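# Working through the structure, step by step
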Amino acid sequence: MIAAPVSAPEIAIDVHGLSKSFDGREVVHDLSMQVKRGTIYGFLGPNGSGKTTTIRMLCGLLTPDSGEGRCLGYDIRRDADKIKRQVGYMTQRFSLYQDLSVRENLEFVARLYGMRDPQGAARDMISRLGLSGREQQLAGELSGGWKQRLALGACTLPNPQLLLLDEPTAGVDPKARRDFWNEIHALAAEGLTVLVSTHYMDEAERCHEIAYIAYGYLLAHGTVEEVIAKSALSTYTVTGDQLHTLQDQLAGKPGVDMVAPFGTSLHVSGRDKAALDATIAPWRDDKGLHWQHSEPSLEDVFIELMTRSKDNFQ
Amino acid sequence: MSMVDQPVRRGEIPEPRFGFWRRSFAMVIKEFIQLRRDRVSFAMIVMIPVMQLLLFGYAINTTPRNLPTAVLLQEDSDVARSILKALENTAYFRFTREVHDVAEFDNLLLSGKVLFGVEIPRGFERAVRRGERPALLVAADATDPVAAGSAMSTLGVVAQTALEHDLFTGDPAAPPFEIRAHARYNPAASSRLNIVPGLVGTILTMTMLIFTALSVTREIERGTMESLLSMPIRPIEVMFGKIVPYVLVGFVQATLIVGIGVLLFGVPVRGSLIMLALLSTLFITTNLAIGYTFSTIVQNQLQAMQLSMMFFLPSILLSGFMFPFAGMPVWAQYIGEGLPLTHYLRIVRAIMLKGAALQNLEYDTIALFALMLLAMTIAVTRFRRTLD
């Protein structure tokens with residue numbers, strides 16, 4: 001591995017005020033973030049929120065309209081070439097060559113990075129990925145889970161210091177997802193910094209830190225506990241009969257910002273606890289319903305953030 | 001489950017009336033919208049027929065006139081001037097060069113700078129006046145029999161009538177001098193000899209262009225470009241990586257065509273085979289570079305194909321492959337000079353049929369080189385390094 005510049009030994013990503021527009025539509029607005037080395041940083045947000053654009057700006061695939069920052073100590077505007085050598089980027093869509101075999105794809109990457117023994121490096125990676133026996137198979141013929149493993153293998157092959165993973169587990173079965181995350185944690189334990197975007201709440205909870213972005217705005221960041229604590233959301237979990245009717249009755253009432261079914265229960269949340277309590281009072285005595293004040297889940301927090309940001313920005 | 005408490009009644013979505021027409025119409029609308037958005041394809045719909053019409057209508061002339069001719073004047077006399085005037089009056093010959101020795105005369109023909117050479121020997125006038133019926137030489141570059149043929153056929157009339165106003169004694173039925181026509185390089189006027197070397201260039205242009213014209217757009221359309229750009233590779237490296245394999249492909253193709261031409265059609269290779277191989281490789285690389293440049297300009301594979309055809313068409317029509325170059329109007333010749341095939345045709349015909357060496361072909365070699373560098377420069381600067 002190449003030693004990083006001395007300027008920022010602890011911070012892998014440090015960007016300020018990044019903005020990017022496409023055809024006059026602002027996709028990322030004044031985004032600032034810091035990611036510590038060796039952490040797994042989850043990047044969450046709805047579709048079209050600017051996650052992919054942000055990741056592409058970090059690795060030099062897009063030029064920010066304004067803002068500046070450093071990635072691994074290199075200027076993201078001027079040193080894109082140096083950043084590219086240190087960063088493994090796994091694209092949202094499978095972007096290795098479908099008409100090349102597993103081994104040929106890995107050897108291509110190894111050669112592009114000028115590794116000394118491309119064949120050896122590819123062989124090692126194939127066994128690390130558990131792809132032995134499939135190395136001759138064309139990448140396009142692999143199943144979704146194997147494609148994703150291969151893509152991860154390809155972007156970790158040159159021993160990068162930072163991994164940028166753009167929705168790496170979309171459309172992958174739970175077992176493969178778990179294996180994938182075990183691998184990510186193993187890599188982080190080796191000192192790799194990982195920025196991963198995802199839709200899945202359970203994956204967010206596997207991250208050391210998370211950031212939530214919607215409509216181009218970074219709305220919350222910190223550890224999962226911090227994000228939940230900062231939300232100031234009051235949530236009741238209701239169990240009982242006729243929850244569907246209750247949901248319809250509560251939706252849109254004063255103080256009720258969100259009603260959402262979770263399995264056999266219903267989550268009722270609001271920012272204004274007093275107003276919420278006043279609204280739900282008539283139902284609290286209902287014998288068929290069991291009310292419990294609880295911690296909001298991360299999903300509650302995010303959906304609430306998203307609804308609020310939609311009101312503010314759209 | 002709370003969600004199932006009130007099951008939503010979802011009826012089956014029925015097949016609409018006139019479903020086939022509705023869906024077809026939807027498709028037609030969609031295709032129109034896409035076509036309207038695709039400006040380049042839209043432009044081609046107009047450009048290709050207009051271009052063909054203009055090119056075929058104006059540029060192509062199978063009985064070319066004003067063909068460049070060199071004169072080797074060994075004596076300056078009234079008779080010589082009358083004969084040159086008569087030649088010029090046929091409108092086939094245009095005297096562009098006056099030379100003073102045989103070597104220069106031969107070199108001009110060999111390099112293709114002139115199509116004809118007229119030599120008036122020393123003591124010609126005196127011999128005419130004495131009724132000796134002397135001979136003057138008209139040498140033609142007959143590699144393209146079409147270009148040379150019509151002009152050669154007028155020579156007999158010229159001999160009959162050139163001096164009818166200059167009064168000579170003697171037999172009025174017999175012409176006072178003789179024109180010895182010398183069809184060089186292709187005495188049998190076989191068009192096959194001309195066409196086979198031309199096909200080497202034409203086929204290479206088509207295949208090479210298309211190989212590389214699709215290369216960058218294919219990466220973009222398959223989504224592999226995003227990965228490629230995120231890795232530390234520079235535009236010029238991408239270009240070489242995409243050109244080099246096809247240089248080999250092109251070399252194999254060229255070998256095949258030349259081989260078949262020699263074995264089946266009896267076309268000679270009078271010049272150096274090594275020179276032919278080297279200059280063919282230069283030509284192949286130039287075409288690959290141009291194709292690659294196209295692929296950095298266009299947005300999808302369809303546009304790439306269309307742009308290639310747009311380049312290929314004038315290459316066939318204006319390079320001298322299908323119709324004599326010298327017979328085209330000047331503006332068409334200028335376009336032709338910008339096409340690699342024009343230069344390669346001169347090179348390949350000169351080497352195979354005339355046995356020319358590199359010093360005869362300096363201009364065309366330099367032109368090919370310049371076109372290659374120009375294409376590569378455009379390609380490297382046009383290559384988008386980001387997804388902006």
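Residues numbered from 1 in each chain as written. Chains lettered and ligands numbered in written order. Predicted model: local features only at pLDDT ≥ 70, side-chain atom pairs only at ≥ 80, totals over all residues. Heavy atoms only, no water.

## A word on the overall build of chain B
The helix and strand inventory of chain B stands at 16 helices and five strands. Counting only residues that meet the buried cut, chain B has 49% of its 388 residues in that class. Counting contacts in chain B only where the partners sit at least 6 residues apart, residues at least 24 apart contribute 80% of the total. As presented, chain B carries roughly 19,700 Å² of accessible surface, and 64% of it is formed by carbon and sulfur atoms. (Helix = DSSP H or I, 4+ residues; strand = E, 2+ residues; numbered from the N terminus. Buried < 20%, exposed > 50% of the residue type's maximum accessible area, 1.4 Å probe, protein only. Contact = heavy atoms within 4.5 Å. Areas by Shrake-Rupley, 256 points an atom, 1.4 Å probe, with all protein chains shown as cover.)

## What about the pattern of salt bridges?
All chains considered together, the criterion is met by 27 salt bridges over all chains. Of the charged contacts, one joins Arg-184 of chain B and Asp-106 of chain B as a salt bridge, the two residues approaching to 2.9 Å between their closest N and O atoms. Residue Arg-184 of chain B is located in strand S5 (residues 178–184), and its partner Asp-106 of chain B is located in helix H4 (residues 102–110); the two are separated by 78 residues in the primary sequence. The structure contains a network of salt bridges with shared partners spanning Arg-103, Glu-107 and Arg-111 of chain A. (Salt bridge = Lys/Arg side-chain N within 4 Å of Asp/Glu carboxyl O.)

## Here's the deal with the packing of aromatic side chains
Overall, the coordinates contain eight aromatic pairs over all chains when judged by the stated rule. A centroid spacing of 5.5 Å and a plane angle of 90 degrees characterise the contact between Tyr-97 of chain A and Phe-108 of chain A, whose relative ring orientation is edge-to-face. Of this pair, Tyr-97 of chain A sits in the loop between strand S6 (87–90) and helix H3 (102–112) while Phe-108 of chain A sits in helix H3, and the two are 11 residues apart along the sequence. A ring pair is formed by Phe-283 of chain B and Tyr-344 of chain B, whose centres lie 4.1 Å apart and whose planes are at 5 degrees; its orientation type is stacked. Pair noted here: Phe-283 of chain B is in helix H12 (residues 273–297) and Tyr-344 of chain B is in helix H15 (residues 340–354), with a separation of 61 residues, a long-range link. For Tyr-344 of chain B, a relative accessible area of 0% puts it in the buried group. Between the NZ or CZ atom of Arg-177 of chain A and the centre of the ring of Tyr-200 of chain A, over which it lies, the distance is 4.0 Å. Directly above the aromatic system of Phe-325 of chain B lies the positively charged group of Arg-346 of chain B, at a separation of 4.9 Å from the ring centroid. (Phe/Tyr/Trp six-rings, centres within 6.5 Å; stacked < 30°, edge-to-face > 60°. Lys NZ or Arg CZ within 6 Å of the ring centre and 35° of its normal.)

## Brief notes about the interface of chain B and chain A
Every contact between the two is made by 21 residues of chain B and, on the other side, 26 residues of chain A. For the pair chain B and chain A, the two sides together bury roughly 2,400 Å², of which 53% comes from carbon and sulfur. If you look at where chain B meets chain A, you find three salt bridges. One salt bridge in this structure joins Glu-226 of chain B and Arg-56 of chain A, with 2.9 Å as the shortest N-O distance. Inspection of the region where chain B meets chain A yields 10 residue pairs in polar contact (both at pLDDT 80 or more). (Buried area = accessible area lost by both parts, 1.4 Å probe. Polar contact = N/O pair within 3.5 Å; in protein donor to acceptor, adjacent residues only side chain to side chain.)

## With respect to the side chain of Glu-203 of chain A
Residues and elements named next belong to chain A. The residue Glu-203 is located in helix H7 (residues 201–204) in this model. Reaching out from Glu-203, the side chain makes a polar contact with the side chain of Thr-169 at a distance of 2.6 Å. Once residues lying within four places of it in the same chain are set aside, the contact partners of Glu-203 are Thr-169, Arg-177, Trp-181 and Thr-198.

## Points about the sheet that holds strand S1 (residues 11–22) of chain A
All names here are of chain A. With antiparallel pairing, the four strands of this open sheet are ordered in space as S2-S1-S4-S5. Taken across any chain shown, the strands that pair with only one partner, and hence form the sheet edges, are strand S2 (25–36) and strand S5 (74–75). Contacting S1, S2 and strand S4 (66–71), helix H1 (residues 51–58) crosses the sheet at an angle of about 120 degrees to S1. (Pairing = 2+ DSSP bridges. Axes fitted to C-alpha atoms, helices over the stretch in contact; angles between N-to-C directions.)

## Examining the sheet that holds strand S14 (residues 289–294) of chain A
Residues and elements named next belong to chain A. As summarised here, the arrangement of the four strands in space is S12-S13-S11-S14, forming an open sheet in which the pairing is antiparallel. Each of the sheet's edge strands pairs with one partner strand only, and the pair in question is strand S12 (258–262) and S14. When strand polarity is set aside, the average angle formed by the axes of neighbouring strands in this sheet is 25 degrees. Pairing geometry for strand S11 (residues 234–240) and S14, over six bridges, is antiparallel.

## What about H15 of chain B?
Residue and element names in this part refer to chain B. Between the first and last C-alpha of H15 there are 20 Å, a value that for 15 residues agrees with the 21 Å anticipated at 1.5 Å per step. The element H15 is largely enclosed, with a buried count of 14 among its 15 residues. In the stretch just after H15, Gly-355 is the one whose phi turns positive, near 70 degrees. (Expected span 1.5 Å × (residues − 1).)

## Side note on the environment of Gly-149 of chain B
All names here are of chain B. With respect to the helices and strands, the residue Gly-149 is situated in helix H6 (residues 145–153). What makes Gly-149 partly exposed here is its relative accessible area of 32%. Separated by 85 residues in sequence, Gly-149 and Pro-64 place their C-alpha atoms 9.7 Å apart.

## Describing a nonpolar patch on the surface
All names here are of chain B. On the surface, a nonpolar cluster with roughly 700 Å² of combined accessible area is contributed by Val-252, Leu-256, Ile-260, Val-262, Leu-263, Leu-264 and Phe-265. Assignment of secondary structure puts Ile-260 in helix H11 (residues 235–265). Residue classification places Ile-260 among the partly exposed residues on the basis of a relative accessible area of 40%. (Patch = residues over 30% accessible without salt bridge, like charges linked within 9 Å, V, L, I, M, F, W, Y side chains within 5 Å.)

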